[in-house]
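For reference, the chains in residue letters:
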Amino acid sequence: MDAPALTLFLVQISLVLAIPLLVATLLRKLSLSPLVVELLCGVALGPSVFGTFAPRLYQDVFPAVSKATAAREAVTELGLLMFVFMAGLELRPRNLRRLGMPIFWTSFLGILFPLVLGVSSVLLWPGFWRNQAQSNIPLLALFVGTILSITALPVIARILMDLNLIKTELGLIVMSAATLDDMVGWGLFAIILSNFGGAGHSGRTLWSSVVVVLLVFGLILNLSNKRLQRAVVWLNLPKETLQLKLTFLVFTTAAIIAQVTGTHATLGAFLAGVTLGRIPEARKLAQDSLYRTTASIFATMYFVSIGLKANFVTNFDVWLVAFVLLIACLGKISGVFLGARLGGKQPREALVLALGMNARGAVGIVLTTVGMEAGLIDQRIFVALIIMALATSTLSAVGIKQLMGAGVPEPAEEPELLPYI
């Protein structure tokens, strides 16, 4: 990289990191989550605001094609993989072995209802979506249904920890059901990308994709901690190597395999996090070595960069945004509420579960961004889904606090999870 390109790269990185820090300091009293602040800063730095009021300066600082932009986007992609890897570390597949009826029905109907609503809305009214990115309506329908059916585990965990509900029965049900939702959602997402005929994707048949995804998830769910720990002992590696070098190598290798086999690197990083998260020592070392860097640097760069990908003003469709938010909330809240009631929960408890599971947050934003980069959706749908993810997460946090009322204990100690809503 020549000197001018390096200078521009450093300017871009500095702006992406400094603006959210400044805004967060100025708006500290509003107690906005880091995710909200970073996305808003990205919108301000992107074509929506900066590009509108100072188009020439914007093109000079953030040119569409340049060595500096390519380098920043590469670092941003690395940040995405690290964030997804850390999210995978927080999953607890062992809880799925103790699935009770409340957890099963909460997760099953919480996935089914929004999935059916999302798929049906695209298949019945394809003209309403007017997707200019690609013409494969069935894949678009499955993608929208998947985005609406997932639940953002890091978001829910943060909300429950802030309210000191993480270790209660309701907290266990929400976390376990959200784990299952995430596993199914990532599996569906892998199948979608595998069958999408875009650049870099395998275009394999639907059933072969299903078999591959089931085999991978089945292997991870059946690996015991003892087997994984024996493998670590057999490698005879010092803690320092396991702490950073081996951890980094594991998730990059998994990401490479996922990319080569035709899904997406994010799925490989996610599965690597799930696997290493089942080794207590490895999980702790990975969190100690990568958590702060991921949360304070790479995650910030990724979520701010989302605002640079689209014009949130010209691509804002109020009817599409309202429709997406309506079916997202209707599908998830009604499905989870009915599932919790079938599992024996009282109406108030069922509503708390429904509001908690309604959060999409960072996970929904990650999958939406990857979908646009893969050519599955256009910027208009991208903007609507991003706004939906933010709105549902905010509604979840506010709704649970209101329902619990005076019964909410004092907040627990600062959580280890990524602090994103």
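From a predicted model like this one, the values you see are computed outputs, not experimental measurements.

**What to know about empty space enclosed by the protein**
So, point 1. Per the counting criterion, the structure on display carries three cavities of 30 Å³ or more.
So, point 2. Counting only elements with at least two residues in the lining of the second largest cavity, the list comes to helix H9 (153-162), helix H10 (169-195) and helix H17 (347-357).
So, point 3. Along the lines of polarity and charge, the residues of the lining of the second largest cavity split into seven nonpolar, three polar and no charged.

**Examining the pattern of salt bridges**
So, point 1. Going through the model one piece at a time under the given rule, you end up with two salt bridges.
So, point 2. Measuring nitrogen to oxygen at the nearest pair gives 2.8 Å for the salt bridge that ties Glu 373 to Lys 309. Residue Glu 373 is found in helix H18 (residues 361-373), and its partner Lys 309 is found in the loop between helix H15 (280-306) and helix H16 (318-342); the two are separated by 64 residues along the sequence.
So, point 3. Judged by its relative accessible area of 39%, Glu 373 is partly exposed.
So, point 4. Judged by relative accessible area, which is 23%, Lys 309 ranks as partly exposed.

**Topic: the packing of helix H1 (residues 3-26) against helix H2 (residues 34-45)**
So, point 1. Orientation of H1 relative to H2, taken along the N-to-C sense of each, is 120°, at an axis distance of 9 Å. Overall, the two elements H1 and H2 adopt an arrangement that is oblique. By crossing handedness, the relation of H1 to H2 is classed as right-handed. Residue-level inspection shows Leu 15, Val 16, Ile 19, Pro 20, Val 23 and Ala 24 of H1 in contact with H2, the latter providing Val 37, Glu 38, Cys 41 and Leu 45.
So, point 2. A class-by-class count of the residues in the contact of H1 with H2 yields nine nonpolar, no polar and one charged.

**Some details on the packing of aromatic side chains**
So, point 1. Per the counting criterion, the structure on display carries eleven aromatic pairs.
So, point 2. An angle of 80° between the planes, with centres 5.6 Å apart, marks the rings of Phe 50 and Tyr 58 as edge-to-face.
So, point 3. According to the relative accessible area criterion, Phe 50 is buried, its value standing at 17%.
So, point 4. Judged by relative accessible area, Tyr 58 falls into the buried class, the value being 9%.

**Re a nonpolar patch on the surface**
So, point 1. On the surface, a nonpolar cluster with roughly 700 Å² of combined accessible area is contributed by Leu 124, Trp 125, Phe 128, Phe 316, Val 318 and Trp 319.
So, point 2. Leu 124 gets classed as exposed once you look at its relative accessible area, which sits at 58%.

**Some words on helix H14 (residues 265-276)**
So, point 1. In a regular helix each residue adds 1.5 Å, so twelve residues correspond to 16 Å; H14 covers 17 Å between its end C-alpha atoms and thus fits that length.
So, point 2. Those residues of H14 that sit buried are Ala 265, Thr 266, Leu 267, Gly 268, Ala 269, Phe 270, Leu 271, Ala 272, Gly 273, Val 274, Thr 275 and Leu 276.

**Considering the packing of helix H6 (residues 101-124) against helix H8 (residues 137-149)**
So, point 1. Closest axis-to-axis distance for the H6/H8 pair is 7 Å, and the angle between their directions is 145°. Note on packing geometry: the crossing formed by H6 with H8 is right-handed. Taking contact as the criterion, the partners of Gly 110, Ile 111, Pro 114, Leu 115, Gly 118, Val 119, Val 122 and Leu 123 in H6 are, on H8, Ile 137, Pro 138, Leu 140, Ala 141, Leu 142, Val 144, Gly 145, Thr 146, Leu 148 and Ser 149.

**What to know about the confidence of the model for the protein chain**
Low pLDDT marks stretches whose predicted atomic positions should not be read closely.
So, point 1. Looking at the protein chain as a whole, its pLDDT mean stands at 77, while 76% of the residues score no less than 70.
So, point 2. Here helix H12 (residues 225-235) is the element of the protein chain with the lowest mean pLDDT, 56, and H16 is the one with the highest, 92.
So, point 3. Across residues 198-203, where pLDDT falls below 50, the model places eleven contacts with residues more than four positions away in sequence or in other chains.
So, point 4. Below a pLDDT of 50 lies the segment residues 406-421, which in the model reaches 49 contacts outside its immediate sequence neighbourhood of four places, other chains included.

**Details of the side chain of Thr 368**
So, point 1. On the secondary structure map, Thr 368 appears in helix H18.
So, point 2. On the basis of relative accessible area, Thr 368 is assigned to the buried category, the value being 0%.
So, point 3. In contact with Thr 368, other than residues within four places in its own chain, are Phe 143, Ile 147, Ile 377, Phe 382, Leu 385 and Ile 386.

**Side note on the environment of Ala 265**
So, point 1. Examined against the element boundaries, Ala 265 turns out to sit in helix H14.
So, point 2. Taking the relative accessible area as the measure of exposure, Ala 265 reaches 12% and is therefore buried.
So, point 3. As for Ala 265 and Leu 81, which are separated by 184 residues in sequence, their C-alpha atoms are 7.4 Å apart.
So, point 4. In this structure Ala 265 touches Leu 81, Ala 255, Ala 258 and Gln 259, once residues within four positions along its chain are discounted.

What counts as what
Residues numbered from 1 in each chain as written. Predicted model: local features only at pLDDT ≥ 70, side-chain atom pairs only at ≥ 80, totals over all residues. Heavy atoms only, no water. 1 Å grid on protein atoms, 1.4 Å probe; cavity = no way out; pocket = protein on both sides within 12 Å on 5 of 7 lines; lining within 4 Å. Points joined across faces, edges and corners; volume = space filled by probe spheres on them. Helix = DSSP H or I, 4+ residues; strand = E, 2+ residues; numbered from the N terminus. Nonpolar A, V, L, I, M, F, W, Y, C, P; charged D, E, K, R; others polar. Salt bridge = Lys/Arg side-chain N within 4 Å of Asp/Glu carboxyl O. Buried < 20%, exposed > 50% of the residue type's maximum accessible area, 1.4 Å probe, protein only. Axes fitted to C-alpha atoms, helices over the stretch in contact; angles between N-to-C directions. Parallel < 35°, antiparallel > 145°, perpendicular 65-115°, else oblique. Left-handed = near helix turned anticlockwise from the far one by under 90°. Contact = heavy atoms within 4.5 Å. Phe/Tyr/Trp six-rings, centres within 6.5 Å; stacked < 30°, edge-to-face > 60°. Patch = residues over 30% accessible without salt bridge, like charges linked within 9 Å, V, L, I, M, F, W, Y side chains within 5 Å. Areas by Shrake-Rupley, 256 points an atom, 1.4 Å probe, with all protein chains shown as cover. Expected span 1.5 Å × (residues − 1). pLDDT = per-residue confidence, 0-100.

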